[in-house]
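What follows is the residue order along each chain.
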Amino acid sequence: MAKKRVMVAAQNIDLSAVKYEQEEIKAPHLTGLALKLFVWIVEAPIIGSLVISLLKKQNKMTQLLRNTVIPEAPMFKPEYPPQEPEPGVVPLDEDGKPEDRVEVALKCLPQYDPASCWNGDSTPSFRYWKIRDYAYAYRSKIATPSVVAEHIISVIGEFSNKKPPQPLLISFNPEEVRNQAAASTKRFEEGNQLSILDGIFVAIKDDIDCFPHPSKGGTTWMHEVRTVKKDAVSVSRLRSCGVIFVGKANMHEIGMGTTGNNSNYGSARNPHAPERYTGGSSSGPAAIVASGLCSAALGTDGGGSIRIPSSLCGVVGLKTTYGRTNIGGSLCDAGTVEIIGPIASTVEDVMLVYSAILGTSLADRISLNPSPPSVPNFSLYDSLNSLGSLRLGKYTAWFNDVYSTDISDKCEDALNLLSKTHGCEMVEIVIPELHEMSTAHLVSIGSECLSSLNPYCEDGHGARLSYDTRTSMALFRSFSASDYVAAQCLRRRIMYYHMEIFKKVDVIVTPTTGMTAPIIPLSALKDGETDMRVTGYLMRFVIAGNLLGLPAISIPVGYDKQGLPIGLQLIGRPWGEASVLRLALAIEELCAKSKKKPASFFDVLKSN
């Protein structure tokens, strides 16, 4: 008989007695024939449930979900106490026009002269073109959206013809891109630009609707059962700002993976090292931004899916507070852990795109009672000086639990530089029950994914999913209704711990991932792979953003000894996007000199 465990109420936990425990995930690494055989076993009626049950027991999931008394009531979606207003911010009208919000955000950016980049006055280190650089080039007639479009179309054609295939986009229509670019070029000729985002090229992850493209979610069949009739809300808001959509970006099938492997269309490759993964599940969006082809992209983040690939590809990825952006018109629009957010090459570009897409749905506004959205005002002289009052929380034992000390060392260096330059205070914190948080997240996202896919799986489409997705689905099917409720009770406990931490600190700092970009095994290209140890390292620090819905951002801070990008993560208070953006910009400026050009980079603005 299993031994019952009774948890002490969260408010009675003695933090001085909490000991950090390294999490060791026990599951086989499988590719090729071995993966196919494993899927056949776990989908078999009797032996499959026995194998899954054994794996869950080995990873302490069964004891936690079935044999533990959890005193807290369930929390079925994030609930937050009222938050103090953020200092030094400018409010944005979420009911107003997206282009008006973008204009407000533009006025809050630091002073910058794009002309200096064309006059040869720029710094010798590598830098990406900013959205403001594109806007200047268009206004000054140095380039036009149509000319840039042709450069992008040419490069995307090259990628599509590579062997093995490594498409950045799953759905791409050159004529559609040309038509959008021609319309934008005409607006510039007539002086009628819609916003600073007019003529800016953006990729959309394949699980977000962008008419007239299908939304396949990285599968071979989703577009057959779900028709796209209009843009997702976030895409519609960008379109009203004059954005040019290049197409639907590659992704890990159904978003159920952290590497970006896609055996249906070919896996996107890391621009810094083509033999390595981009990270997932927003693999295409991060790769297309890191390679210089697009200024920004939209991704979804239910388990680090924006932050992980942003970290591995050396770009910036913002995961907003749950409900801050309207996820209507995406494949994940019924979950409690997922958001739509921007990926861009710089913090200021993330801020501009975020300003365009934000706006809580009516239902979430009623249930979540969000604080009004705002952006940091960098144009004020004392904006960066105000960083000195910020307290940064660091759980050192967790922070240092990484595959290579290159990661923790680089992140530590960035934080030391931040403290030295701006006077930010570092506060040692303790976060209890990290294993419980991970388990609660897995049960939550897995159950919600299964619920949305079940009707199609019952129709026979489940057999058309890739092998690694089917492995995940077999695990998700083993979760019971009581498991889901237990996970939501854990969510309330973990939320209590974090809200207590935020009484002492403003931001929690961690590496974004516990490892840099993993190598793509050749045997994984055709049929995919499952490697839960890699997944554990990649997801180690991202879970709170999803289970608790907290805002978080990944900023590149350097490279490991192999030249692979390392990301630092900032986790903010509920509705605290402005604070994490302010801190992120300061870190970005401090680390700017170390920026390296990716091995696969295309200058589509200055290309001749």
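Residues numbered from 1 in each chain as written. Predicted model: local features only at pLDDT ≥ 70, side-chain atom pairs only at ≥ 80, totals over all residues. Heavy atoms only, no water.

1. Comments concerning the overall build of the protein chain
On a plain count of helices and strands, the protein chain comes out with 23 helices and 17 strands. For the protein chain, whose C-alpha radius of gyration is 23 Å, the value lies close to the compact-globule estimate of 25 Å for 608 residues. For the C-alpha atoms alone, the extent of the protein chain along its principal axes is close to 75 × 50 × 50 Å. Relative to its 608 residues, the protein chain shows a buried fraction of 62%. Looking at the protein chain alone, contacts between residues at least 24 apart form 80% of all its contacts between residues at least 6 apart. By element, 54% of the accessible surface of the protein chain is carried by carbon and sulfur atoms, the whole surface being about 23200 Å². (Helix = DSSP H or I, 4+ residues; strand = E, 2+ residues; numbered from the N terminus. Rg over C-alpha atoms; globule rule 2.2 N^0.38 Å. Buried < 20%, exposed > 50% of the residue type's maximum accessible area, 1.4 Å probe, protein only. Contact = heavy atoms within 4.5 Å. Areas by Shrake-Rupley, 256 points an atom, 1.4 Å probe, with all protein chains shown as cover.)

2. With respect to the sheet that holds strand S12 (residues 391-394)
If you trace the 11 strands from one edge of the open sheet to the other, you get S5-S7-S6-S8-S10-S9-S16-S17-S14-S12-S13, paired in mixed fashion. At either margin of the open sheet sits one strand with a lone partner, and together these are strand S5 (169-171) and strand S13 (425-428). In this sheet, neighbouring strand axes are inclined to one another by 35° on average, regardless of whether the strands run parallel or antiparallel. Sheet strands in contact with helix H13 (residues 347-357) are strand S8 (296-301), strand S9 (316-319), strand S10 (339-344) and strand S16 (552-559), and its direction is about 145° off that of S10. (Pairing = 2+ DSSP bridges. Axes fitted to C-alpha atoms, helices over the stretch in contact; angles between N-to-C directions.)

3. Section: the UniProt feature "transmembrane region" (unreviewed entry) in the protein chain
According to UniProt, the "transmembrane region" (unreviewed entry) feature falls on residues 37-55. The distance from the first to the last C-alpha atom of residues 37-55 is 16 Å, and the span holds 79% helix and 0% strand. (UniProt positions renumbered as here; feature names shortened; annotations may be inferred.)

4. Some thoughts on helix H8 (residues 174-190)
The end-to-end C-alpha distance of H8 is 24 Å, a good match for the 24 Å that 17 residues give at a rise of 1.5 Å each. For H8, the full list of buried residues reads Val-177, Gln-180, Ala-181, Ser-184, Thr-185, Arg-187 and Phe-188. Along the axis of H8, the buried residues cluster in a sector spanning 155°; they form a single face. Facing away from the buried side of H8, by more than 90 degrees, are the exposed residues Asn-179 and Glu-189. N-capping of H8 is provided by Asn-173, with a side-chain oxygen placed 3.0 Å from the backbone N of Glu-175. (Expected span 1.5 Å × (residues − 1). Arc of directions from axis to C-beta. Polar contact = N/O pair within 3.5 Å; in protein donor to acceptor, adjacent residues only side chain to side chain.)

5. What to know about the pattern of salt bridges
Summed over the entire model, instances satisfying the criterion amount to 30 salt bridges. A salt bridge links Arg-276 to Glu-275; its shortest N-O distance comes to 3.8 Å. Across the pair Glu-433 and Arg-493 runs a salt bridge, and its minimum N-O distance is 2.6 Å. Of this pair, Glu-433 sits in the loop between S13 and helix H17 (434-458) while Arg-493 sits in helix H19 (residues 481-501), placing them 60 residues apart in sequence. Neither residue differs from the other here; Glu-433 and Arg-493 are each classed as buried. Among the charged side chains, a network of salt bridges with common partners joins Glu-72, Glu-433 and Arg-493. (Salt bridge = Lys/Arg side-chain N within 4 Å of Asp/Glu carboxyl O.)

6. Some details on the packing of H17 against H19
Orientation of H17 relative to H19, taken along the N-to-C sense of each, is 135°, at an axis distance of 9 Å. Between H17 and H19, the angle falls in the class oblique. Considering how the two elements wind past one another, H17 and H19 form a crossing that is left-handed. Within the contact between the two elements, H17 uses Glu-436, Met-437, Ala-440, Val-443, Ser-444, Ser-447 and Glu-448 and H19 uses Asp-483, Tyr-484, Ala-487, Gln-488, Leu-490, Arg-491, Ile-494 and His-498. Residue composition of the contact of H17 with H19, grouped by class: 7 nonpolar, 4 polar and 4 charged. (Parallel < 35°, antiparallel > 145°, perpendicular 65-115°, else oblique. Left-handed = near helix turned anticlockwise from the far one by under 90°. Nonpolar A, V, L, I, M, F, W, Y, C, P; charged D, E, K, R; others polar.)

7. Looking at the side chain of His-441
Of note, His-441 is situated in helix H17. The residues touching His-441, leaving out its near neighbours within four places in the chain, are Gly-302, Gly-303, Val-337, Gly-446, Met-539, Ile-543, Asn-546 and Leu-547.

8. Examining the packing of aromatic side chains
With the rule as written, the count across this model stands at 15 aromatic pairs. An angle of 75° between the planes, with centres 5.0 Å apart, marks the rings of Phe-126 and Tyr-128 as edge-to-face. Judged by relative accessible area, Phe-126 falls into the buried class, the value being 14%. Members of the aromatic cluster, each reached through a chain of ring pairs, are Tyr-20, Tyr-395, Trp-398 and Phe-541. When the ring centre of Tyr-112 is taken as origin, the NZ or CZ atom of Lys-130, which lies over that ring, is 4.2 Å away. The lysine or arginine in question, Lys-596, covers the ring of Tyr-559, its NZ or CZ lying 4.7 Å from the ring centre. (Phe/Tyr/Trp six-rings, centres within 6.5 Å; stacked < 30°, edge-to-face > 60°. Lys NZ or Arg CZ within 6 Å of the ring centre and 35° of its normal.)

9. Here's the deal with the packing of helix H1 (residues 32-42) against helix H18 (residues 467-477)
Between H1 and H18, the least distance of the axes is 10 Å, while the angle of their chain directions is 30°. The angle between H1 and H18 places the two elements in the roughly parallel class. Of the two elements, H1 crosses H18, and the hand of that crossing is left-handed. When H1 is examined against H18, the residues Leu-35, Lys-36, Phe-38, Val-39 and Val-42 are found in contact with a partner set consisting of Tyr-467, Asp-468, Arg-470, Thr-471 and Ala-474. The residue inventory of the contact of H1 with H18, partitioned by class, reads 6 nonpolar, 1 polar and 3 charged.

10. Structural notes on the nonpolar core
Counting residues in each nonpolar core, the largest one holds 182 residues, and the members touching the most others are Leu-197, Phe-201, Leu-238, Leu-570 and Leu-583. Of the residues forming this core, the biggest block, 10 residues, is contributed by H19. Each residue touching Leu-570, except ones within four places of it in the same chain, is listed here: Val-507, Ile-508, Val-509, Pro-551, Ala-552, Ile-553, Ile-555, Val-580, Leu-583, Ala-584 and Ile-587. (Core = buried A, V, L, I, M, F, W, Y, C linked by side-chain atoms within 4.5 Å.)

11. Thoughts on the side chain of Ser-283
Mapped onto the fold, Ser-283 is located in helix H11 (residues 283-290). The residues contacting Ser-283, other than those within four sequence positions of it, are Asn-250, Met-251, His-252, Gly-260, Ala-268 and Thr-278.

12. Regarding the pairing of strand S7 (residues 244-249)
Looking along a regular strand, one sees the side chains alternate between the two faces of the sheet. Across the 6 residues that make up S7, a large majority, 6, are buried. Looking at chain direction, S5 and S7 are connected through 2 bridges and run antiparallel. Opposite Ser-171, over in S7, you have Lys-248 as the bridge partner. The pairing of strand S6 (residues 201-205) with S7 spans 5 bridges and is parallel.

13. Side note on the state of the cysteines
A full pass over the atoms with the stated rule returns 0 disulfides. Between Cys-424, a free cysteine, and Cys-591, which holds the nearest cysteine sulfur, the sulfur-to-sulfur gap is 13 Å. Classification of Cys-424 by relative accessible area gives buried; the value is 5%. You can see Cys-591 has no disulfide; the closest cysteine sulfur is in Cys-411, sitting 9.1 Å from it. On the accessibility criterion, Cys-591 (12% relative accessible area) is buried. (Disulfide = S-S within 2.5 Å.)

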